[in-house]
Amino acid sequence: MNRLAASAAIALLVAACTEPATAPATLGVSAPSLDLGTAPPPRLTGGGSATLVVGTVNQLSLVSATATGAASVACQGQTSFGFTYDYLINPVNNNAFLHLKLDGVPREVTLHQTLTRSDAHGSIGGDGFIFDITDALSLNLIDSHTRTVTHFSALLTGTLTHADGTTCQASAVLAGFLGGDVQAGAGT
């Protein structure tokens, strides 16, 4: 009986060792998860200059400002400044990002535009005021023909704070030029 059990065990071992291994038909990544698109372009970096005009903007046909605090304080300001920037637009020209780092002050502005919406954040200071950006009503960051932007413009809303602490809700126009030492940089 022991011989029969030993023979059966050896036969079972031989049968198990000669059975073909089973494996999945494909070991690779499935097609939907592959990135078959074009890689994003490198960001552009450089320097530029801009002007910000803030006000009650009745003159600009925008949202009128309402002052809080001293009623006699005008809700207006204007400044020009230099900056360094990072600019990125995706390969299909429908998503652009511009990040401004203002020269000489620890202030930054981010502008983002898609085909269906725009947004902006940051703050810009001038002589006797700071304008805190809350949103963008419109932006011009995408040039679908050249894919190279040399200028930009933005219609912004935000809070203007005067040196005396009074504030008002205002709109502003920010317009600037990108240029000078424009370089392709590493992706962000």
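Scroll up to find the structure.
A brief look at the structure comes next. Every value quoted in this text rests on a predicted model; they were computed, and no experiment measured them.

### Some points on the state of the cysteines
Linking two cysteines covalently through their sulfur atoms gives a disulfide.
Okay, so step 1: A complete count under the given rule lists 1 disulfide for this structure.
Okay, so step 2: Between the sulfur of cysteine 75 and that of cysteine 168 lies a disulfide, 1.8 Å long from S to S. Given an S-S torsion of about 85°, the disulfide between cysteine 75 and cysteine 168 has right-handed geometry. In this pair, cysteine 75 sits in the loop between β2 (66-68) and β3 (77-89) while cysteine 168 sits in strand β9 (residues 167-184), placing the two residues 93 residues apart along the sequence. For the pair cysteine 75 and cysteine 168, one class covers both residues: buried.

### Some words on the packing of aromatic side chains
Okay, so step 1: Summed over the entire model, instances satisfying the criterion amount to 3 aromatic pairs.
Okay, so step 2: Look at phenylalanine 81 and phenylalanine 83: their rings are 6.2 Å apart centre to centre, the planes differ by 55°, and that puts the pair in the tilted class.
Okay, so step 3: For phenylalanine 83, a relative accessible area of 2% translates into the label buried.
Okay, so step 4: When the ring of phenylalanine 83 is compared with that of tyrosine 85, the centres are 6.3 Å apart and the planes differ by 65°; the resulting orientation is edge-to-face.
Okay, so step 5: Of the residues examined, tyrosine 85 reaches a relative accessible area of 4% and is grouped as buried.
Okay, so step 6: Each member of the aromatic cluster is reached from another via a ring pair, and the members are Phe81, Phe83, Tyr85 and Phe152.

### So, the pattern of salt bridges
Okay, so step 1: Here the structure, examined in full by the defined rule, presents 2 salt bridges.
Okay, so step 2: The closest approach of N and O atoms between lysine 101 and aspartate 86, which form a salt bridge, is 3.7 Å. With lysine 101 in strand β4 (residues 95-102) and aspartate 86 in strand β3, the pair connects residues that are 15 residues apart, well separated along the chain.
Okay, so step 3: As a salt-bridge pair, aspartate 119 and arginine 117 come within 3.1 Å of each other at their nearest N and O atoms.
Okay, so step 4: Here arginine 117 falls in the partly exposed class, since its relative accessible area comes to 47%.

Here is what the cut-offs are and how they apply
Residues numbered from 1 in each chain as written. Predicted model: local features only at pLDDT ≥ 70, side-chain atom pairs only at ≥ 80, totals over all residues. Heavy atoms only, no water. Disulfide = S-S within 2.5 Å. Helix = DSSP H or I, 4+ residues; strand = E, 2+ residues; numbered from the N terminus. Buried < 20%, exposed > 50% of the residue type's maximum accessible area, 1.4 Å probe, protein only. Phe/Tyr/Trp six-rings, centres within 6.5 Å; stacked < 30°, edge-to-face > 60°. Salt bridge = Lys/Arg side-chain N within 4 Å of Asp/Glu carboxyl O.

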